[in-house]
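Below are the chains, spelled out letter by letter.
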Amino acid sequence: MTKTTISNFSQAAQQAQHWANEVAGELDWDVPRAYRLLKAVLHALRDWFPPEEMSDLAAQLPTLIRGVFFEGWRPLNGLGHERRKDDFIIAVRREFGFEAEVDFDRAIGAVFHLLDRHISAGEIDQVRNSMRKALRQLWPAD
């Protein structure tokens, strides 16, 4: 393995850590809890979108975050029901785990806000436009 490869891997790890730190900071949570939320929201988004939109979003994620995005993905197991805001929140809660004190609207909004800061405006517009209006309300307006 070359020094450049190790350097790139270290940089990817730092970038993923930075993303988890940003979510933790916005919600005043510890980093492991913020990471669980980030993963849960990314998995819900992954399963929510058609393959083309999902792959467009994934292409803009940092390397290790992209790995988290695709972790456990089963292409044929998409959501087979109407995609309402409540269904999205349930999917996030199911993966995140039960914690009674979590305001999931705010928590999901923090992850969407993170994506806003790090993904191109054009891709964010495509992601938002592919969501139902009720789900778009979780996305903080800048």
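Before reading on, note that the structure itself is shown above.
Residue indices follow the written sequence of each chain, beginning from 1 at its first position. With the structure being a predicted model, the display of local features is reserved for residues of pLDDT at least 70 and the display and counting of side-chain atom pairs for 80 or more, all residues being used for whole-chain, interface and lining totals. Values shown for side chains rest on all heavy atoms present in the structure; no hydrogens or waters enter the calculation.

For the chain, the helix and strand inventory stands at eight helices and zero strands. Along the chain direction, N to C, the helices and strands of the chain fall in the order α-α-α-α-α-α-α-α. The size measure is the radius of gyration over C-alpha atoms, and the globule rule it meets is 2.2 Å times the number of residues to the 0.38 power. Whereas a compact globule of 142 residues would reach a radius of gyration of roughly 14 Å, the chain reaches 15 Å, a difference of no more than 12%. Projecting the C-alpha coordinates of the chain onto the three principal axes gives extents of approximately 50 × 35 × 30 Å. In the chain, buried positions account for 41% of the 142 residues. Of the contacts made within the chain by residues no fewer than 6 positions apart, 71% connect residues no fewer than 24 positions apart. Accessible surface area values rest on a Shrake-Rupley calculation with a 1.4 Å probe, where residue burial reflects the displayed protein chains alone. Looking at the chain as shown, the accessible area adds up to about 8,000 Å², and 51% of this sits on carbon and sulfur atoms. A gap of 3 Å separates the mean positions of the 18 positive and 21 negative side-chain charges of the chain. Numbering of helices and strands runs from the N terminus, with a helix taken as a DSSP run of H or I at least four residues long and a strand as a DSSP run of E at least two residues long. Whether a residue is buried, partly exposed or exposed follows from its accessible area with a 1.4 Å probe, protein chains only, as a fraction of its type maximum: under 20%, in between, or over 50%, in that order. Here, two residues are considered to be in contact whenever any of their heavy atoms come within 4.5 Å of each other. In this tally Asp and Glu are treated as negative and Lys and Arg as positive; neither His nor the chain ends contributes. Just so you know, the charge point we use is NZ for Lys, CZ for Arg, CG for Asp and CD for Glu.

For the rest of this paragraph, the subject is the nonpolar core. Counting residues in each nonpolar core, the largest one holds 43 residues, and the members touching the most others are Leu37, Phe88, Phe112 and Leu115. Secondary structure elements with two or more residues in this core: α1 (3-27), α2 (31-48), α3 (51-59), α4 (63-70), α5 (85-96), α6 (104-118) and α7 (121-129). A per-element tally of this core places α2 first, with nine residues. Grouping buried Ala, Val, Leu, Ile, Met, Phe, Trp, Tyr and Cys residues that are joined through side-chain atoms within 4.5 Å yields what is termed a nonpolar core.

A pair of aromatic rings is counted whenever rings of Phe, Tyr or Trp (Trp by its six-membered ring) have centres within 6.5 Å, and the orientation is called stacked for planes under 30 degrees apart, edge-to-face for over 60 and tilted otherwise. Evaluation of the coordinates by the stated rule reveals seven aromatic pairs. Pairing Phe112 with Trp139 gives two aromatic rings, centres 4.2 Å apart and planes at 15°, and the pair type is stacked. Separated by 27 residues along the polypeptide, Phe112 in helix α6 and Trp139 in the segment after α8 (133-136) bring together distant segments of the chain. The rings of Trp48, Phe88, Phe112 and Trp139 are connected pair by pair, giving a single aromatic cluster. Geometrically, a lysine NZ or arginine CZ counts as sitting over a ring once it is within 6 Å of the ring centre and also within 35 degrees of the ring normal. Sitting over the face of the ring of Phe96, Arg36 holds its NZ or CZ atom 4.2 Å from the ring centroid.

Here we take up the pattern of salt bridges. Pairs can form between side chains of opposite charge whenever their charged atoms are close. By definition here, a salt bridge exists when the distance from a side-chain nitrogen of Lys or Arg to a carboxyl oxygen of Asp or Glu is within 4 Å. Enumeration according to the criterion identifies 10 salt bridges in this entry. A salt bridge links Lys39 to Glu71; the shortest N-O distance between them is 3.4 Å. In this pair, Lys39 is assigned in helix α2 and Glu71 in the loop between α4 and α5, connecting sequence segments 32 residues apart. Residue classification places Glu71 among the partly exposed residues on the basis of a relative accessible area of 37%. The network of salt bridges with common partners includes Arg33, Arg36, Glu99 and Glu101.

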